[in-house]
Each structure stands twice: as C-alpha cells, then as structure tokens.
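Each chain, written out:
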Protein chains: 2
Amino acid sequence: MKAKVYVTLKPSVLDPQGKAIHHSVELLGFKQIADVRQGKYFEIALDDSVSEAEAASSIEKIAREVLTNPIIEDYRVEIQT
Amino acid sequence: MKAKVYVTLKPSVLDPQGKAIHHSVELLGFKQIADVRQGKYFEIALDDSVSEAEAASSIEKIAREVLTNPIIEDYRVEIQT
C-alpha cells in the first residue's frame with residue numbers, strides 16, 4: 001500500500017521560496033504566473049500486511065505529528081491501495 | 001487557473017532525507033512503514049486570461065526547466081481549471 005502526504009504552508013504564512021521562484025520564472029519570460037507556493041510531498045510505502053484502516057490512521061498520525069509543523073503548515077493525506 | 005507540480009527523486013537516486021524520516025517514524029513506534037521518500041510540491045496560480053493549452057505548455061516548461069533537476073528528478077504536472 002502507498003500513501004502520499006502533501007504539506008503546504010498555511011495561506012496566511014509568507015512563502016519567500018515561492019516568491020523567489022515566481023520572480024525567477026518572470027525573469028525567464030513567463031508573465032502569466034500570478035503566484036507560486038512551495039510545499040513538501042512525501043511518498044510512504046507500507047507493508048502489505050497492514051489493513052487500509054490501520055494504514056489510514058498511522059499515516060494521518062505521522063503526517064500530523066512528524067511531517068507537519070501545525071503552527072504554519074497544513075497537510076493532506078491520500079491512501080492508494 | 002491553478003497548476004500543481006510534483007517533483008520526486010528518480011527511483012534510482014538515494015534519498016537520505018526520506019531515510020532519516022523513515023528511521024524517526026520507526027523510533028516513534030510506526031513499524032509497518034516500508035519506505036519514505038521526500039519530494040517537492042508546487043502550487044502555481046495563473047492569470048485567468050490564460051487559455052488552458054497555453055497554461056499547460058508554460059507550466060510544463062517551468063516544471064522541466066526551473067523546478068526540476070533532470071539528472072536526478074522526475075516531475076508530474078496537473079492543471080486545474
């Protein structure tokens with residue numbers, strides 16, 4: 001089983017890295033870009049013996065407690081069977 | 001219009017950051033995890049005046065030329081209208 005976790009900065013948090021990328025692509029001639037925000041992406045492979053419910057609860061917990069800083073970040077979890 | 005770009009290390013490339021996360025979650029008691037790999041995730045907002053075809057080609061180009069190191073990374077693009 002595989003899980004994907006997406007971690008993004010909360011909309012209210014400034015993203016200087018995204019701003020820098022936005023500026024670079026503008027200099028390269030892409031003028032139609034309104035905004036760029038950078039996040040993190042994790043692919044987690046689970047043992048095949050794990051049930052889907054168990055996987056969902058572990059991954060949710062890992063995303064919340066390990067991969068995300070809840071003060072400034074949001075996360076989203078996708079489980080693929 | 002919004003685009004999402006996912007950048008991942010090629011499967012043949014070692015991912016020490018993913019390995020470190022894997023080790024940490026194991027120490028925290030999550031024993032069913034087989035592998036963790038970390039990637040990058042970009043949310044790009046485009047001006048509403050841009051056509052879908054134009055957006056797709058710009059984002060594809062930005063992903064390939066700016067956001068990805070083609071020697072060690074793969075990318076995937078999703079356009080949301």
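Not measured: the values here are computed from a predicted model.

**Some remarks on the sheet that holds strand S1 (residues 2–9) of chain B**
- The strand order S3(A)-S1(A)-S2(A)-S2(B)-S1(B)-S3(B) describes an open sheet built from six strands, whose pairing is antiparallel. What marks the edges here is a single partner per strand, and that holds for strand S3 (73–80) of chain A together with strand S3 (73–80) of chain B. For this sheet, the mean inter-axis angle between neighbouring strands, taken without regard to orientation, is 20°.
- Pairing of strand S1 (residues 2–9) of chain A with strand S2 (residues 33–46) of chain A, which is carried by six bridges, proceeds in the antiparallel orientation. Along S2(A), the bridge assignment pairs Lys2(A) with Ala45(A).
- Relative to the sheet, helix H1 (residues 16–27) of chain A contacts S2 of chain A together with strand S2 (33–46) of chain B, its axis offset from that of S2(A) by approximately 120°.

**Some details on the interface of chain B and chain A**
- With 34 residues of chain B at the interface, the matching set in chain A holds 34 residues.
- Of the roughly 2,800 Å² buried between chain B and chain A on both sides combined, carbon and sulfur atoms contribute 65%.
- Together, Phe30(B), Gln32(B) and Tyr41(B) form the three largest contributors to the area buried by chain B at its contact with chain A, with a combined 22%.
- At the boundary of chain B with chain A, the tally comes to zero salt bridges.
- For the interface between chain B and chain A, the tally reads 12 residue pairs in polar contact (both at pLDDT 80 or more).
- Examining the composition of the side of chain B that touches chain A, we find that 14 residues originate from one element, S2(B), more than from any other.
- Taken together, the residues of the side of chain B that touches chain A break down into 19 nonpolar, five polar and 10 charged.
- Pairing analysis gives 13 bridges linking S2(A) to S2(B), with the strands arranged antiparallel. Bridged to Lys40(A) within S2(B) is Lys40(B).

Criteria and cut-off values
- Residues numbered from 1 in each chain as written.
- Chains lettered and ligands numbered in written order.
- Predicted model: local features only at pLDDT ≥ 70, side-chain atom pairs only at ≥ 80, totals over all residues.
- Heavy atoms only, no water.
- Pairing = 2+ DSSP bridges.
- Helix = DSSP H or I, 4+ residues; strand = E, 2+ residues; numbered from the N terminus.
- Axes fitted to C-alpha atoms, helices over the stretch in contact; angles between N-to-C directions.
- Contact = heavy atoms within 4.5 Å.
- Buried area = accessible area lost by both parts, 1.4 Å probe.
- Salt bridge = Lys/Arg side-chain N within 4 Å of Asp/Glu carboxyl O.
- Polar contact = N/O pair within 3.5 Å; in protein donor to acceptor, adjacent residues only side chain to side chain.
- Nonpolar A, V, L, I, M, F, W, Y, C, P; charged D, E, K, R; others polar.

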